[in-house]
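Okay, here's what each chain looks like letter by letter:
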Amino acid sequence: MENLFLSCANGAQINKLIEDSGLNVYPFSVNSKGNSVYFMINCTQEDMLVVYGEDCANFDGEGAEADGIEYKICPLNHHNALELKKAFPFTAPIRVLGKKRSFGLGDRLGIATPGHIRLFKEYDAYPVFSQQSIRELNLTQRTYEDVLDVATFYTFRDGYKDGYGADGDHLKTEADIEYALSLGFTMITLDSSEHIKVGVEALTAEELDKRVTLTDEYRQRYLNKKFDLEGSIVEFDEDTLKRTVLIYQDAIAYTTHIYNKYLASGKYDCDFEISIDETATPTTPEQHFFVANELTLSGVSFQTVAPRFCGEFQKGVDYIGDIAQFERELIVHAAIARHFGYKLSIHSGSDKFATFKLIGKYTGGRFHVKTAGTNWLEAMRAVAQINPGLYREVHKYALSRFDDARKFYHVTTDLTKIPDVDTLEDDKLPWLFTLNDARQLIHITYGYILTDKDENGNYVFRDKLYTLWRENEAVYADMLYNHIGKHLSLLYSGFEE
Ligand code: ZN
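Because the structure is predicted, anything quoted here is derived from the model rather than measured.

The interhelical angle for the contact between helix α10 (residues 285-297) and helix α11 (residues 323-340), taken along N-to-C directions, is 15°, at an axis separation of 10 Å. When the axis of α10 is compared with that of α11, the two are roughly parallel. Where α10 crosses over α11, the handedness of that crossing is right-handed. In this structure, α10 contributes Pro285, His288, Phe289, Ala292, Asn293 and Thr296 to the contact, and α11 contributes Val332, His333, Ile336, His339 and Phe340. For the contact of α10 with α11, the class distribution of residues is six nonpolar, five polar and no charged.

See below:
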């Protein structure tokens, strides 16, 4: 710790105090503002913030005085996060969706950011450290306050000053949008899937006519026209146009309403992502064009659109489907995005290694990719490596909750393909995370693993798992650095700047 504080006011004095106290200071966390010095310390069980000097009056914590300088040792709570953001704006999220490349890192556990920070110090893509859906909040029993605060404290602790985003992911209702905006999320992902009509492809022409009438506006705008998107032609016949209108008109109206109500005025410094990916059928290029065109004509400004791509983007496993078809359609989707001036957003991007080089290539390095589940799976792979006994217990518990969990997911998991954990040697357990079926088992049961309680009201696993992760932070950070790093290096291999 020598000389760490010498450049600050009272530096020599503070340096000596810290040396005498034996505090375990995070070296990247040392910052000064005016006459005050801030840093974070590792207290084994938890991290704490220390504020020396007059600013300590703004923080909650245990106050003391040493050699005439006031200081406080402060818990990492919401109030202190807000104060820290005021003192050091780099710890607050910014808008990143309009940047060339951005990458979402859903950290369900609130412990993944150190590994992500190490990685993103090496890449020019902007990370979205805070990214959660309301569903994920419920399943992990966390709050949006907590999701934001975690990123604030880790960016401060590990010295990440290049800017990161916060994504209120897959929000559906006005109440949820207001919740996220009021806390300072810098990106809203609007999920209008409940307004997207399903089963329209199967309607007969007669049934279709009963449900939709084409207005003159639609006819003039789309029929007998060829839209040239960098050489790919998008055109509509009357039947296709009717079906497209029927499927998307309510979703477009809802999206426009949300934009006008919350974002148009600029009151919130927030980007807007349109997600139409949570549907049963892939978004055709015609549909993608129609949605983007209608929203643009309605005056909606947005930074990204997430279409549903062909094939399957199942949770936590590689792409399933015809990669040549994916490539052909990606070319058109990317051209549509460029035509309107937004970026493509790739959802369920965890582990889609077969697609990344193509995405990097056809977007010309302008993309948003979201991951979430894979960060959780790496945390569980760490458990398998560090504590095989605990992992076996969790694994068997997941099997017992699988039928409940699968109701909420579209997965093709086959439990019979997962070896019995009692027959595997300890050092074979991490290998389970190379098997799609085992990955999906652990992926979709995370809510039960993290929040179920026993008959005495104690968590079955939550506390044990968090203790393990706390004690082995470096192991998990290494795993994320490598695993998310593989995502990024493949994406970057597709383009050159
Ligand atoms: Zn999505």
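This paragraph deals with the environment of Glu206. By the secondary structure assignment, Glu206 is in helix α7 (residues 205-211). Owing to a relative accessible area of 63%, Glu206 belongs among the exposed residues under this scheme. Counting along the chain gives 40 residues from Glu206 to Ala166, while the straight-line C-alpha distance between them is 46 Å.

Membership of the largest hydrophobic core comes to 125 residues, with the highest contact counts inside it found for Phe272, Trp376, Met380, Tyr391 and Trp469. Contacts of Trp376, omitting those with residues within four sequence positions, involve Arg108, Leu109, Ile442, His443, Tyr446, Ile449, Leu450, Trp469 and Tyr476.

Time to look at the coordination of the zinc ion. Around the zinc ion, the protein supplies His170 (NE2), Asp277 (OD) and His347 (ND1) as donor atoms, at distances of 2.0 to 2.1 Å. Donor residues for the zinc ion sit on one chain with the sequence pattern H-x106-D-x69-H. Taken together, the residues span a long stretch of sequence, with Asp277 in the loop between β13 (271-275) and α10 and His347 in the loop between β15 (343-346) and α12 (353-362) at a distance of 70 residues.

A separate point is the sheet that holds strand β4 (residues 62-66). Strand pairs in the sheet, formed through backbone hydrogen bonds, run parallel or antiparallel to each other. With antiparallel pairing, the five strands of this open sheet are ordered in space as β1-β2-β3-β5-β4. The strands lining the two open edges of the sheet, one partner per strand, are β1 (31-33) and β4. Between one strand axis and the next, the sheet turns through 25° on average, direction left out of account. In this structure, β4 lies alongside strand β5 (residues 69-74), joined through five bridges in antiparallel fashion.

So, about the pairing of strand β8 (residues 130-133). By the alternation rule, side chains of β8 split into Ser130 and Gln132 and Gln131 and Ser133, which are all buried. As defined by bridge partners, β8 adjoins strand β9 (residues 166-171) across four bridges and the pair is classed as parallel. Note that in β9 the partner of Gln131 across the bridge is Asp167.

What follows is about the side chain of Lys85. By the element assignment, Lys85 lies in helix α2 (residues 78-87). Comment: no salt bridge for buried Lys85; closest opposite-charge side chain is Asp149, at 4.5 Å. Residues within four places of Lys85 in sequence aside, it is in contact with Thr91, Ala92, Pro93, Leu148 and Thr152.

Ordered in space as β7-β6-β16-β15-β14-β13-β10-β9-β8, the nine strands form an open sheet in which the pairing is parallel. For this open sheet the edge positions go to β7 (126-128) and β8, each flanked by a neighbour on one side alone. Averaged over all adjacent pairs, the angle separating strand axes in this sheet is 20°, with direction ignored. Of the strand pairs in this sheet, strand β6 (residues 101-105) and β7 are connected by three bridges, and their pairing is parallel. Bridge pairing in β7 links Phe103 to Pro127. Across the sheet, helix α5 (residues 144-157) touches β8 and β9, and the angle it forms with β8 is around 160°. Those strands touched by helix α18 (residues 473-493) are β6 and β16 (367-371), and its axis lies near 160° from that of β6.

Here we take up the pattern of salt bridges. Applying the stated criterion across every chain yields a total of 33 salt bridges. For Glu174, the salt bridge is made with Lys261, and the minimal N-O distance between the two is 2.7 Å. Taken together, the residues span a long stretch of sequence, with Glu174 in helix α6 (residues 174-183) and Lys261 in helix α9 (residues 238-263) at a distance of 87 residues. Here Glu273 ties to Lys370 by a salt bridge, and the two come within 3.4 Å at their closest N and O atoms.

On to the packing of aromatic side chains. Evaluated as defined, the whole model comprises 36 aromatic pairs. Ring plane angle 20° and centroid distance 4.7 Å describe the contact between Tyr52 and Tyr71, whose orientation is recorded as stacked. Placement of Tyr52 in strand β3 (residues 47-52) and of Tyr71 in strand β5 is noted, with a sequence separation of 19 residues between them. The exposure class of Tyr52 is buried, given its relative accessible area of 3%. Classification of Tyr71 by relative accessible area gives buried; the value is 19%. Relative to Phe290, the ring of Tyr222 lies with its centre 5.2 Å away and its plane at 50°, an arrangement referred to as tilted.

What counts, and where the lines are drawn
- Sequence positions are assigned chain by chain, starting from 1 and proceeding in written order.
- In keeping with the predicted nature of the model, local features appear solely for residues at pLDDT of at least 70, side-chain atom pairs appear and are counted solely at 80 or more, and the whole-chain, interface and lining totals rest on all residues.
- Note: side-chain values were computed over all heavy atoms of the structure, leaving out hydrogens and water.
- What counts as an axis is a line fitted to C-alpha atoms, over the stretch in contact for a helix, and the angles between N-to-C directions run from 0 to 180 degrees.
- Secondary structure elements are taken from DSSP: a helix is a run of H or I of four residues or more, a strand is a run of E of two residues or more, and numbering for both begins at the N terminus.
- Any angle between 65 and 115 degrees counts as roughly perpendicular, while under 35 counts as roughly parallel, over 145 as roughly antiparallel, and the rest as oblique.
- When the near helix sits turned anticlockwise from the far one by under a right angle, the crossing is termed left-handed; a clockwise turn instead gives a right-handed crossing.
- Note on contacts: a residue pair is in contact if any heavy atoms of the two residues lie within 4.5 Å.
- Under the scheme applied here, ten amino acids are nonpolar (Ala, Val, Leu, Ile, Met, Phe, Trp, Tyr, Cys and Pro), four are charged (Asp, Glu, Lys and Arg), and all others, including Gly, are polar.
- When a residue's accessible area, from a 1.4 Å probe over protein chains only, is under 20% of the maximum for its type it is buried; when over 50% it is exposed; and in between it is partly exposed.
- In this text, buried Ala, Val, Leu, Ile, Met, Phe, Trp, Tyr and Cys residues form a nonpolar core when linked through side-chain atoms within 4.5 Å.
- The donor set covers N, O and S atoms within 2.8 Å of the metal, switching to 3.2 Å for Na, K and Ca, and it leaves out water, so a site may look short of donors.
- Two strands qualify as a pair provided that DSSP identifies no fewer than 2 bridges between them.
- Neither His nor the chain ends is counted toward charge; the positive residues are Lys and Arg and the negative residues Asp and Glu.
- Salt bridges are counted wherever a side-chain nitrogen of Lys or Arg sits within 4 Å of a carboxyl oxygen of Asp or Glu.
- Any Phe, Tyr or Trp ring, taking Trp's six-membered ring, that has another such ring centre within 6.5 Å forms a pair; planes under 30 degrees apart are called stacked, those over 60 apart edge-to-face, and the others tilted.

Function cannot be inferred from these measures alone, as they are strictly geometric.
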